[in-house]
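# Chains, contacts and geometry: an overview
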Amino acid sequence: MSSHVLHRNSLVQPPRAVAGDGIYIIDANGKRYLDASGGAAVSCLGHSDPDVRAAIIEQVGKLAYAHSGFFSSDPMEELADDLIAHAPAGMEKVYFVSGGSEAVEAALKMARQYFLELGEPDRKFVIARRQSYHGNTLGALSVGGNMWRRRQFEPLLIDASHVSPCYAYRDQQANETAEQYGLRVANELEEAILTLGTGRVAAFVAEPVVGATSGAVAAVPGYFKRIREICDRYGVLLILDEVMCGMGRTGTLHAIEQEGISGDLQTIAKGLGAGYQPIGAVLVSGKIDRAIASGSGFFQHGHTYQGHATACAAALATQRAIRDRDLLANVNIQGENLQNALTAQFANHPYIGDIRGRGLFRGVEFVADRATKEPFDPARKINAKIKKTAFANGLMCYPMGGTIDGQLGDHVLFAPPYIVSDEQ
Ligand code: PLP
């Protein structure tokens, strides 16, 4: 069948998805796929939620869209109220966008403008971590450390520095405790700030639980507390990217709640609208809002579809559903079940090195040798083969990694909808 769509892979015509039924997607041939990855950790309510559907229909019946340069809207105001009522400490405002990369772009520009408002124009550097992913637009790709995604676009990227991720399975030494390891890698941020020059770094960006490069890798205890201390000591803004790990995915509404700190800016997307509408947002702390409000009064940014009324209505219905149906309890129960089931089946598998994660955000890392943790030769495309075979068998899992430019590991990610049952 020929297609005029430029698909992700020009050589592969994907099946046509025609219907959703709970955690299943059904293609044009009637084949059912168990969505064990929520697409890319998006579909937290499954694919046929009646409440979100009703909210979208109701909103389109009233007003589908009004440009945010002219108007606010009920769904936009109510969603912002709802998000701030349940936000990490210090967050006071919400800046809406249409997805994860846009949220990261907005956060980076807001960090820059914050320092301009404060009269600190030299603060222009951003530090992030290797083995991270923050989106595919050029600014977000610049701070991301996913070499496979970056490599051919390097000439177009802005300058950003990268420090080590907190990746205990790969990096914790035999002679150090988890806490010592966490401090060691967190302290790399301080070294990077001192190298670039205090007063020159605007922000540090990190995913509280790393998704699309490392397969659900949470930091060791104490790591993020130390990161927060270092940012505060040098006046550097902490941008937490919860596009993938946020909105309940790890068992708390925000992944960072489990670390006992909060950021200055926090990006959210995917689980915000559960895939029913494209939407993302930046949670903005009071100090940044006040600096812009009392300075130029205008954040120099904007997209046509930001604060889209129908997208906000869908996201509001999604967030209410997560709360009203107590879905985070199920995320925790089924997350444990998934971890136990994967461990029972694969813990001794010769090519599985690690099974990890939080809530319904679980990663499996493949190795050529369990004892040495040696990864597979990337030419073998282990990830792609696993994804393809699973998909052929009606199972969606999200493949990542592959050894490239010093980055280690093949992984698959499981991120099923929060409504998943024991049997599923
Ligand atoms: N940030 C993180 C942590 C992500 O995992 C992703 C996407 O996977 C993005 C940003 C980019 O989001 P989007 O694909 O919606 O632009």
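Residues numbered from 1 in each chain as written. Predicted model: local features only at pLDDT ≥ 70, side-chain atom pairs only at ≥ 80, totals over all residues.

## As for the sheet that holds strand β1 (residues 17-21)
How we decide: Two strands make a pair as long as DSSP finds a minimum of two bridges between them. Secondary structure is summarised from DSSP: a helix means a run of H or I of at least four residues, a strand means a run of E of at least two, and numbering begins at the N terminus for each.
Pairing in this open sheet of four strands is mixed, and the strands run β1-β2-β3-β15 from one edge to the other. Each of the sheet's edge strands pairs with one partner strand only, and the pair in question is β1 and β15 (395-396).

## Description of the pairing of β1
The line we're drawing: Once C-beta atoms are placed from the backbone, each residue is buried if 20 or more other C-beta atoms lie within 10 Å of its own, exposed if 12 or fewer, and partly exposed for counts between those two.
For β1, the tally of buried residues reaches only zero of five residues, placing the bulk of the element at the surface. Relative to strand β2 (residues 24-27), β1 runs antiparallel, the two being bridged by four bridges. Across the sheet, the residue bridging to A17 is D27, located in β2. Linking β1 to β2, which pair antiparallel, is a turn of two residues; within it G22 sits at a positive phi near 60°.

## Brief notes about the domain arrangement of the chain
Short version of the rule: Per the annotation, domain bounds derive from an automatic or database assignment of domains. Following the grouping adopted for this structure description, the nonpolar residues are Ala, Val, Leu, Ile, Met, Phe, Trp, Tyr, Cys and Pro, the charged ones are Asp, Glu, Lys and Arg, and the polar ones are all others, Gly among them.
For the chain, the domain assignment lists domain 1 (17-49 + 326-414) and domain 2 (54-324). Going through the elements one at a time, α1 (38-41), α12 (327-346), β13 (352-358), β14 (361-366), β16 (398-401) and β17 (410-414) are the ones with two or more residues in the side of domain 1 that touches domain 2. Partitioning the side of domain 1 that touches domain 2 into residue classes produces 15 nonpolar, 12 polar and eight charged.

## Section: the nonpolar core
Note the following rule: By our criterion, buried Ala, Val, Leu, Ile, Met, Phe, Trp, Tyr and Cys residues that link up through C-beta atoms within 7 Å make up a nonpolar core. Note on contacts: each residue gets a C-beta atom placed from the backbone, and two residues are in contact if those atoms are within 7 Å.
Core analysis: the biggest nonpolar cluster contains 111 residues, and F204 and A281 have the highest contact counts within it. It is helix α11 (residues 309-324) that contributes the most residues to this core, 10 residues altogether. Residues from two domains meet in this core; each of domain 1 (17-49 + 326-414) and domain 2 (54-324) gives at least three. Apart from residues no more than four positions distant in its own chain, F204 is found in contact with I127, L189, I227, C231, V236, L238 and I239.

## Regarding helix α8 (residues 178-196)
Operational definition: Multiplying 1.5 Å by the residue count of a helix minus one yields the expected span of that helix. This arc corresponds to the set of directions leading from the helix axis out to the C-beta atoms.
Under the 1.5 Å per step criterion, the end-to-end length of α8 is 28 Å for 19 residues, consistent within 8% with the ideal 27 Å. Along α8, the residues classified as buried are Y181, G182, V185, A186, L189 and I193. Each buried residue of α8 lies within a common arc of 145° when the element is viewed along its axis, so the set occupies one face. Opposite its buried face, α8 presents the exposed residues E191, L194 and T195, each directed more than 90 degrees away. In this structure, the buried side of α8 is in contact with β5 (125-129), β6 (161-163), α7 (168-171), β7 (201-206) and α9 (223-233). Taken from the residues just after α8, G197 is the one with a positive phi, measuring 110°.

## A closer look at unusual backbone geometry
Although it is not a glycine, A216 sits at a positive phi angle of roughly 65°. Along the polypeptide, A216 turns up in the loop between β8 (209-210) and β9 (217-218). Of note, the phi angle at M247 is positive, near 55°, even though the residue is not glycine. By the secondary structure assignment, M247 is in the loop between β10 (237-241) and β11 (265-268). Accessibility expressed as a C-beta count within 10 Å gives 29 for M247, which makes it buried.

## Here's the deal with the packing of helix α4 (residues 100-117) against helix α10 (residues 286-294)
Selection criterion: In this analysis an axis means a line fitted to C-alpha atoms, helices contributing only their contacting stretch, and an angle means the value between N-to-C directions, from 0 to 180 degrees. Should an angle fall under 35 degrees it is called roughly parallel, over 145 degrees roughly antiparallel, and 65 to 115 degrees roughly perpendicular, with every other angle called oblique. Each crossing is labelled by how the near helix is turned from the far one, with a counterclockwise turn of less than a right angle marking it left-handed and a clockwise turn marking it right-handed.
The N-to-C vectors of α4 and α10 enclose an angle of 55°; their axes lie 9 Å apart at closest approach. With respect to their mutual orientation, α4 and α10 come out oblique. Two packed elements cross with a definite hand, and for α4 against α10 that hand is left-handed. Touching M110, Q113, Y114 and E117 of α4 are I288, A291 and I292, all from α10. Split by residue class, the contact of α4 with α10 holds five nonpolar, one polar and one charged.

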